[in-house]
Amino acid sequence: MKTKKMIALTVTILSLVTFSIFEPTKVYANSAAKSLVTSSRAPLQSVSGKVTNQDTKSPISGVNVMYVNNKGTTYTAKTNASGIYTINVPASKYTVKVNHPSYKEYSTNANIGNNKMLKRIDIQLKSTNITNTFSIATEKPSYPVTTNSINIIFKNNTRKESGYGLYYTIEYFNGSSWVKVPLNFSVVAIYKILQPGESRTETFSLFQEQYDYKPGKYRIINGGKSAEFTLTGEVKPMSAITMTMPQNSYPVKTESMKVNITNNTTKESGFGYGYEIEYFNGRAWQKVPLEFAVIDIYLILQPGETRTETINLYQDQYRYVAGKYRVIKTIGNEKLIAEFTLR
């Protein structure tokens, strides 16, 4: 009986000793952990700023401004109706980002210091001009009527990849409606891709050699979209093929002379070898009676080309006297005239 009491007393003492040894250690450990958690909470820094349109300077509301630290932690704030945002972040180095579908992506670096001063970081966003349309437009609103080609700007203002082909038609406005310009040409069958916001310039020919353009209002149509422009200035008529002489005075016994025939139009033209000579009698022009044969051939003149031909006076058929003369060549319904004198 005595032995049992001693065993019970020993167990009680051991329990007390165990409690006194280990319990303070548990409290100490818990206190240390609590202290570590508290000390890891760094004070927050308040940062504010205004988000505006770079071009118009107007505020942009509803924009998410993100502060991302080097650990990848992201803090976000949204701008109010005045474009103002305020965000509370720990002191650190950040990448400030703004993504908005109507503006180009914005990114900058910011070092938020460990102090109580209010920081301010304003942001200006550049518009991407997203209008959900694919547009074409001429590089300039007007061109000289003799222009051979026009640059067309294709722009993808949508949020999706788009594109265009190279076939086009040209129309002119006759005062009441649009009329197709009759052109005959072929293009490479290719489809060119434009990414969202991307633009590209293509050169389209007017094919001046196929059509007699006049000053007025025109448009190029591509893929159902049109780009309007005007042609201005004076037009050289299609009959503006000129005939001139290297000199305008010759001795009366001259056997032959040269004439220069120039195609000043934008289209291919030509003439034959035939000609007439007229004499001015003081009151009117009268035909010099000559009989001669020429080769029945039609000579082609390209736009801007000049050809030199020989005019024979046939002195054996007509007695020329000093006075005023002219050479006449006929092209279609038009007459080319070059005057000269014999002395």
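Here's a quick rundown of the structure. (Residues numbered from 1 in each chain as written. Predicted model: local features only at pLDDT ≥ 70, side-chain atom pairs only at ≥ 80, totals over all residues. Heavy atoms only, no water.)

A few points about the overall build of the protein
We apply this condition: A run of H or I in DSSP counts as a helix once it spans at least four residues, and a run of E counts as a strand once it spans at least two, with each numbered from the N terminus. Only protein chains enter the accessibility calculation, which uses a 1.4 Å probe; a residue whose area is less than 20% of its type maximum is buried, one above 50% is exposed, and one in between is partly exposed. Contact criterion: two residues are considered in contact whenever any of their non-hydrogen atoms come within 4.5 Å of each other. The Shrake-Rupley method, run with a 1.4 Å probe, gives the accessible areas here. Residue values count only the displayed protein chains as cover.
The secondary structure content of the protein amounts to one helix and 28 strands. Residues counted as buried form 33% of the 343 residues belonging to the protein. In the protein, the share of contacts with a sequence separation of at least 24, taken over all contacts with a separation of at least 6, comes to 63%. Of the roughly 21200 Å² of accessible surface on the protein, 53% is carried by carbon and sulfur atoms.

Observations concerning the environment of Ile-261
Within the secondary structure layout, Ile-261 lies in strand β21 (residues 256-263). Separated by 18 residues in sequence, Ile-261 and Met-243 have C-alpha atoms that sit 4.5 Å apart. Excluding anything up to four places from it in sequence, Ile-261 contacts Ile-241, Thr-242, Met-243, Phe-271, Leu-301, Glu-305, Thr-306, Arg-307, Glu-309, Lys-329 and Leu-336.

Section: the side chain of Asn-69
To be explicit about the condition: Here a polar contact means two N or O atoms within 3.5 Å. Within protein one must be a hydrogen donor candidate and the other an acceptor candidate, and residues neighboring in sequence count only if both atoms are side-chain atoms.
Relative to the elements of secondary structure, Asn-69 occurs in strand β2 (residues 64-69). Accessibility expressed as a relative area gives 12% for Asn-69, which makes it buried. A polar atom in the side chain of Asn-69 sits 3.0 Å from the backbone nitrogen of Lys-71. Ignoring any residue separated from it by four or fewer positions in sequence, one finds Asn-69 in contact with Tyr-75, Ser-92, Lys-93 and Tyr-94.

Focus: the pairing of strand β13 (residues 169-173)
Rules: Whether two strands pair depends on DSSP finding at least two bridges between them.
In this structure, β13 lies alongside strand β17 (residues 216-222), joined through four bridges in antiparallel fashion. Opposite Ile-170, over in β17, you have Ile-220 as the bridge partner. Where β13 meets strand β14 (residues 178-180), three bridges bridge the pair, whose relative direction is antiparallel. Residue pairing across strands places Phe-173 opposite Trp-178, the latter belonging to β14.

Some details on the sheet that holds strand β18 (residues 225-232)
Our working definition: Every axis in this analysis is a line fitted to C-alpha atoms, fitted for helices over the stretch in contact. Angles between the N-to-C directions lie between 0 and 180 degrees.
Strand order across the open sheet formed by five strands is β10-β18-β17-β13-β14, with mixed pairing between neighbours. Each edge of the open sheet carries a strand with a single partner, namely β10 (142-144) and β14. Within this sheet the neighbouring strands show an average axis-to-axis angle of 35 degrees, counted without direction.

Observations concerning the nonpolar core
Test applied: For our purposes a nonpolar core is just a set of buried Ala, Val, Leu, Ile, Met, Phe, Trp, Tyr and Cys residues, chained together by side-chain atoms within 4.5 Å.
Core analysis: the largest hydrophobic core is formed by 27 residues, its most contacted members being Met-245, Ile-277, Tyr-320, Tyr-325 and Phe-340. When residues of this core are assigned to their parent elements, the largest contribution, four residues, is made by strand β28 (residues 334-342). Among residues more than four places away in sequence, those in contact with Tyr-325 are Ile-277, Glu-278, Tyr-279, Trp-285, Val-288, Tyr-320, Ala-338, Glu-339, Phe-340 and Leu-342. Counting 25 residues, the second largest nonpolar core, distinct from the first, contains Tyr-168, Leu-194, Leu-206 and Ile-220.

Describing unusual backbone geometry
One non-glycine residue, Lys-57, adopts positive backbone phi at about 65 degrees. Looking at the element boundaries, Lys-57 is found in the loop between β1 (44-53) and β2. The backbone of Tyr-314 shows a phi angle near 50 degrees, a positive value even though the residue is not glycine. Along the polypeptide, Tyr-314 turns up in the loop between β26 (306-312) and β27 (323-331).

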